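Structural characterization, general
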Amino acid sequence: NRQVLLASRPFGAPVQSNFSLIYSEKPSPKVGELLLRTVYLSLDPYMRGRMNDAKSYADPVELGDVMVGGAVCRVEESLNDDYRKGDWVVAYTGWQDYAISNGENLLKLPENMPKPSKALGVLGMPGLTAYMGLLDIGQPKAGETIVVAAATGAVGSLVGQIAKIKGCNVIGIAGGQEKCAYAVDVLGFDYCLDHYADDFSMQLASTATSGIDVYFENVGGKVFDAVMPLLNSCARIPLCGLISQYNATELPEGPDRLASLMGMLLIKRAKMQGFIVFDDYGHCYGEFSSQMSQWLNEGKIKDKEHIVEGIENAVDGFIGLLEGKNFGKVIVRVGPD
Ligand code: NDP
């Protein structure tokens, strides 16, 4: 049983030595339990927060513990009447080959699901995040302009496509020309701007000529600085993530901008609302999953997976995710179907 443990806490960007790969005995289930075998492991930005010894909405991973994470698993052995050997489930089993479950908090997948890994992306946590964050907090209306960064990533790619379905003008922001071309040509965004461009904020101002009605916040930092002056009255800002800050070790340089942020929220009568997907919207999973499946079947939504081969490459995949090296939803193929 290969397991990736948290070996030390990172200062700034995580490095290989913050993790260790160990081999342990394959566990055995007791009565009422299941042995799960990981087939696909999801890598997600929130895992960076769990590596810190800091209070957040969830407890940190302890040093020496298996890194946390959602996975698509096969039931390898079942001593639980609700599951049979061979069932596919989504489970929160972490970075390892095998785990024991008591059958609680598992999501059983349909037996004939063509691509079970989608349950970690477009039909899973990132999909629910995009769908509820945009529709419930963003409240997009036809004809409005919405901006989303990390535009080709797991969440952002779906935010922009759902906004297009709702009749909005969509401006994506992504790292590099290849990602931008994909956002426009394949995902159907109206525009996509490269945040590495020196004149990025000027480009955004000359593209969002009618201002910005919804800014779906995935990254923070200089992207938010460029968006803020362009927000329209009564703009909505679903505050989903701040990935540009996850490796920060100190406050950004320059004057304290809290007063200008609060001033903007006041005079623009804007709404900024944070959310934690399963805490706020776990109960909406059924509604989301049937709508998203329909859109996928109709070809209205496209999704892209960035597959990392083998659990021994999970650390590199995770470090790359925080650096923007991924192109799509990052999934580690841990074992055969
Ligand atoms: P992505 O697949 O979008 O991957 C992360 C992307 O972030 C990178 O590919 C990169 O894209 C972009 N990025 C990284 N650093 C920077 C930077 N300094 N400036 C601008 N962009 C950067 O990840 P997810 O879709 O899984 O997550 C997107 C966001 O949503 C994250 O902030 C995450 O924490 C948040 N989230 C929040 C949830 C919630 O419940 N609130 C649930 C799920 C996700 P590029 O190369 O295009 O810059």
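Preceding this paragraph is the structure being described.
Residues numbered from 1 in each chain as written. Predicted model: local features only at pLDDT ≥ 70, side-chain atom pairs only at ≥ 80, totals over all residues. Heavy atoms only, no water.

1. A word on the site of the ligand
- Taken together, the neighbourhood of the ligand is formed by 27 residues, with Val-155, Lys-179, His-195, Tyr-246 and Asn-326 sitting nearest.
- Within the backbone of Asn-218, an N or O atom sits 2.8 Å from an oxygen atom of the ligand.
- A distance of 2.7 Å is found between an oxygen atom of the ligand and a side-chain nitrogen or oxygen belonging to Tyr-246.
- Contact with the protein chains covers 90% of the free accessible surface of the ligand, which is 910 Å².
- Of all elements in the fold, only helix H2 (125-138), helix H3 (154-165) and helix H10 (314-322) reach the threshold of two or more residues within the shell around the ligand.
- When grouped by side-chain class, the residues that make up the shell around the ligand number 16 nonpolar, 10 polar and one charged.
- Built from parts of two domains, the shell around the ligand gets at least three residues from each of domain 1 (2-121 + 303-333) and domain 2 (125-278). (Near = heavy atom within 4 Å. Polar contact = N/O pair within 3.5 Å; in protein donor to acceptor, adjacent residues only side chain to side chain. Areas by Shrake-Rupley, 256 points an atom, 1.4 Å probe, with all protein chains shown as cover. Helix = DSSP H or I, 4+ residues; strand = E, 2+ residues; numbered from the N terminus. Nonpolar A, V, L, I, M, F, W, Y, C, P; charged D, E, K, R; others polar. Domains from an automatic or database assignment.)

2. Focus on the nonpolar core
- Within the largest apolar cluster, 47 residues are counted, with the highest numbers of intra-cluster contacts made by Val-72, Leu-134, Ile-146, Val-159, Ile-162, Met-292 and Ile-301.
- Of the residues forming this core, the biggest block, six residues, is contributed by H2.
- Each of domain 1 (2-121 + 303-333) and domain 2 (125-278) accounts for three or more of the residues forming this core.
- What Leu-134 contacts, discounting residues up to four positions off in sequence, is Thr-129, Gln-139, Pro-140, Ile-146, Val-159, Ile-162, Ala-163, Val-214 and Phe-216.
- Listed in part, the 23 residues of the second largest apolar core include Val-147, Phe-200, Leu-230 and Ala-270. (Core = buried A, V, L, I, M, F, W, Y, C linked by side-chain atoms within 4.5 Å. Buried < 20%, exposed > 50% of the residue type's maximum accessible area, 1.4 Å probe, protein only. Contact = heavy atoms within 4.5 Å.)

3. Digging into empty space enclosed by the protein
- Scanning the entire structure with this criterion turns up one cavity of 30 Å³ or more.
- In this structure, the largest cavity spans a volume of roughly 100 Å³.
- Lining the largest cavity are 14 residues, with Ala-154, Ser-157, Asp-303, Lys-304 and Lys-329 positioned closest to its centre.
- When residues in the lining of the largest cavity are grouped by element, the largest group, three residues, is from H3.
- Looking at the lining of the largest cavity residue by residue, the class counts come to five nonpolar, five polar and four charged.
- In this structure, the lining of the largest cavity is formed jointly by two domains, domain 1 (2-121 + 303-333) and domain 2 (125-278), each of which donates at least three residues. (1 Å grid on protein atoms, 1.4 Å probe; cavity = no way out; pocket = protein on both sides within 12 Å on 5 of 7 lines; lining within 4 Å. Points joined across faces, edges and corners; volume = space filled by probe spheres on them.)

4. Section: the packing of H2 against helix H9 (residues 285-297)
- Remark: H2 packs on H9, axes separated minimally by 10 Å, with the N-to-C direction vectors making an angle of 95°. Compared by their axis directions, H2 and H9 come out roughly perpendicular. Along the contact surface, H2 presents Gly-127, Leu-128 and Tyr-131, while H9 presents Tyr-285, Glu-287, Phe-288, Gln-291 and Trp-295.
- In terms of residue class, the contact of H2 with H9 is built from five nonpolar, two polar and one charged. (Axes fitted to C-alpha atoms, helices over the stretch in contact; angles between N-to-C directions. Parallel < 35°, antiparallel > 145°, perpendicular 65-115°, else oblique.)

5. Thoughts on the side chain of Arg-50
- Tracing the chain through its elements places Arg-50 in helix H1 (residues 46-50).
- Of the polar contacts made by the side chain of Arg-50, one reaches the side chain of Tyr-92; its length is 3.1 Å.
- Residue contacts for Arg-50: discarding those within four places in its chain leaves Arg-9, Tyr-57, Ala-58, Asp-59, Pro-60, Val-61, Val-68 and Tyr-92.

6. What to know about the sheet that holds strand E9 (residues 169-174)
- A sheet is described by the order of its strands in space; here six strands give the open sequence E10-E9-E8-E11-E12-E13, paired in parallel fashion. Looking at the sheet topology across the chains shown, the edges are occupied by strand E10 (191-194) and strand E13 (271-274). Averaged over all adjacent pairs, the angle separating strand axes in this sheet is 15°, with direction ignored.
- For E9 and E10, the ladder comprises four bridges, and the chain directions are parallel. Residue pairing across strands places Ile-171 opposite Tyr-191, the latter belonging to E10.
- Packing against the sheet, H3 makes contact with strand E8 (145-149), E9 and strand E11 (212-216), and its axis sits at approximately 165° to E8.
- Where helix H4 (residues 177-185) meets the sheet, its contacts fall on E9 and E10, and the angle it forms with E10 comes to roughly 170°. (Pairing = 2+ DSSP bridges.)

7. Focus on helix H5 (residues 200-207)
- Of the positions making up H5, those classed as buried are Phe-200, Leu-204 and Thr-207. Axial view of H5: buried residues confined to an arc of 70°, hence all on one face. Facing away from the buried side of H5 by over 90 degrees, the exposed positions are Met-202 and Ser-206.
- Those residues of H5 hidden inside the fold are in contact with E9, E10 and helix H6 (221-227). (Arc of directions from axis to C-beta.)

By themselves these figures say nothing about function.
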